[in-house]
Amino acid sequence: MKRNQQGYTDIHSHLLPGVDDGARNLSMTEKMLTMAIEQGCDRIYFTPHYVPGKRNASIATREKRLQEVKELIAEKNLPIEVIIGNEIYVYGDKEEIVKSIKAGEIKTMGETSYILVEFSTAIKEQGIWEAVEVFQRYGYKVIIAHVERYESIAKNGEALRKLTEAGVYLQMNTESVIGGLFDRDAAWHRKLVAEGLISFFGSDAHDTEGRAPLMEDAIAFLKKKKIPEHILERICFENPDKLIKDEYI
Ligand SMILES: [Fe+2]
């Protein structure tokens with residue numbers, strides 16, 4: 001790929017310290033940032049869980065933690081840019097979620113109109129469409145986090161295609177594409193990538209072990225599996241460039 005010297009963008013991670021079930025403290029964030037850099041990332045979105053109606057870290061806390069991370073990056077001269085967002089758990093009243101976004105309580109992806117949303121894994125297809133309709137009506141560009149997890153649509157190529165045709169962007173976790181000959185799920189996930197249905201990769205990293213920042217290993221695996229270069233180019237570089245500029249894909 002012609003631009004991979006510029007690095008990858010991880011659009012989904014839990015590295016903001018001490019705010020959710022991801023990095024517990026700043027030293028864990030530092031270790032995870034180092035791993036992300038080793039995995040070829042030069043830009044990472046911190047997308048802490050936001051669960052409406054539940055206890056979420058306050059805006060002040062999130063900003064303070066982000067400031068600490070930025071100071072660490074400057075001090076240690078880490079070659080990575082951090083952008084803040086949220087992974088919004090969507091249930092209940094979507095209009096209330098929109099109000100929280102407008103109030104700044106829930107973060108879009110780096111002040112753009114892109115939002116990263118997740119649902120219960122048991123959500124029905126109709127439930128996804130209802131949420132998409134509300135968010136798009138308010139002008140938000142919807143990215144569905146780890147699309148491979150929702151039972152109602154994950155194995156339904158037609159349903160996924162309809163969502164992408166409606167302007168919904170599908171994010172896949174990098175670990176989901178890795179798997180050998182007998183891993184039928186991983187093979188299916190690679191097929192979705194190869195068919196151009198996936199707009200973004202994210203590591204969804206929560207820690208340094210089981211759910212670590214993973215990017216280059218997954219991309220290398222996809223190349224080995226002969227996923228077309230132009231598809232990977234789009235997911236890894238072109239789409240993240242559009243995301244940061246708040247352009248439509
Ligand atoms: Fe996540």
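Just above, that's the structure.
Residues numbered from 1 in each chain as written. Predicted model: local features only at pLDDT ≥ 70, side-chain atom pairs only at ≥ 80, totals over all residues.

1. Overview of the overall build of the protein chain
Here is step 1: A count of helical and extended segments in the protein chain gives eight helices and nine strands.
Here is step 2: Its C-alpha atoms give the protein chain a radius of gyration of 17 Å, near enough to 18 Å, the size a compact globule of 249 residues would have.
Here is step 3: Taken over 249 residues, the protein chain has a buried fraction of 40%.
Here is step 4: For the protein chain, restricting intrachain contacts to residue pairs at least 6 apart in sequence, the fraction spanning at least 24 positions comes to 76%. (Helix = DSSP H or I, 4+ residues; strand = E, 2+ residues; numbered from the N terminus. Rg over C-alpha atoms; globule rule 2.2 N^0.38 Å. Buried ≥ 20, exposed ≤ 12 C-beta atoms within 10 Å, placed from the backbone. Contact = placed C-beta atoms within 7 Å.)

2. Here we look at unusual backbone geometry
Here is step 1: Positive phi values are uncommon outside glycine, yet asparagine 77 reaches one of about 55°.
Here is step 2: Along the chain, the position of asparagine 77 falls in the loop between helix H2 (59–76) and strand S4 (81–84).
Here is step 3: On the neighbour-count criterion, asparagine 77 (6 C-beta atoms within 10 Å) is exposed.
Here is step 4: Backbone geometry at lysine 226 places phi at a positive 65°, although glycine is not the residue there.

3. Structural notes on helix H8 (residues 229–244)
Here is step 1: Here H8 spans 22 Å end to end across 16 residues, near enough to the 22 Å set by a 1.5 Å rise per residue.
Here is step 2: At isoleucine 235, H8 shows its largest kink, close to 40°.
Here is step 3: Lining the buried residues of H8 we find strand S1 (8–10), strand S2 (41–46), strand S6 (114–118), strand S9 (200–202) and helix H7 (216–224).
Here is step 4: Within two residues after H8, aspartate 246 carries a phi angle of roughly 60°, on the positive side. (Expected span 1.5 Å × (residues − 1). Bend = angle between axes of the 7 residues up to and from the residue.)

4. What to know about the nonpolar core
Here is step 1: In terms of nonpolar packing, the biggest core is built from 59 residues, with Ile115, Val117, Val142, Ile143 and Leu170 touching the most fellow members.
Here is step 2: Leave out the neighbours within four places in its chain, and isoleucine 115 touches Ile88, Ile101, Thr108, Met109, Phe135, Tyr140, Val142 and Ile143. (Core = buried A, V, L, I, M, F, W, Y, C linked by C-beta atoms within 7 Å.)

5. With respect to the sheet that holds S2
Here is step 1: The strand order across the open sheet formed by three strands is S1-S2-S4, and the pairing between neighbours is parallel. Of all the strands in the sheet, just S1 and S4 have a single pairing partner and so form its edges. Taken over all neighbouring pairs, the strand axes of this sheet differ in orientation by 15° on average, direction set aside. (Pairing = 2+ DSSP bridges. Axes fitted to C-alpha atoms, helices over the stretch in contact; angles between N-to-C directions.)

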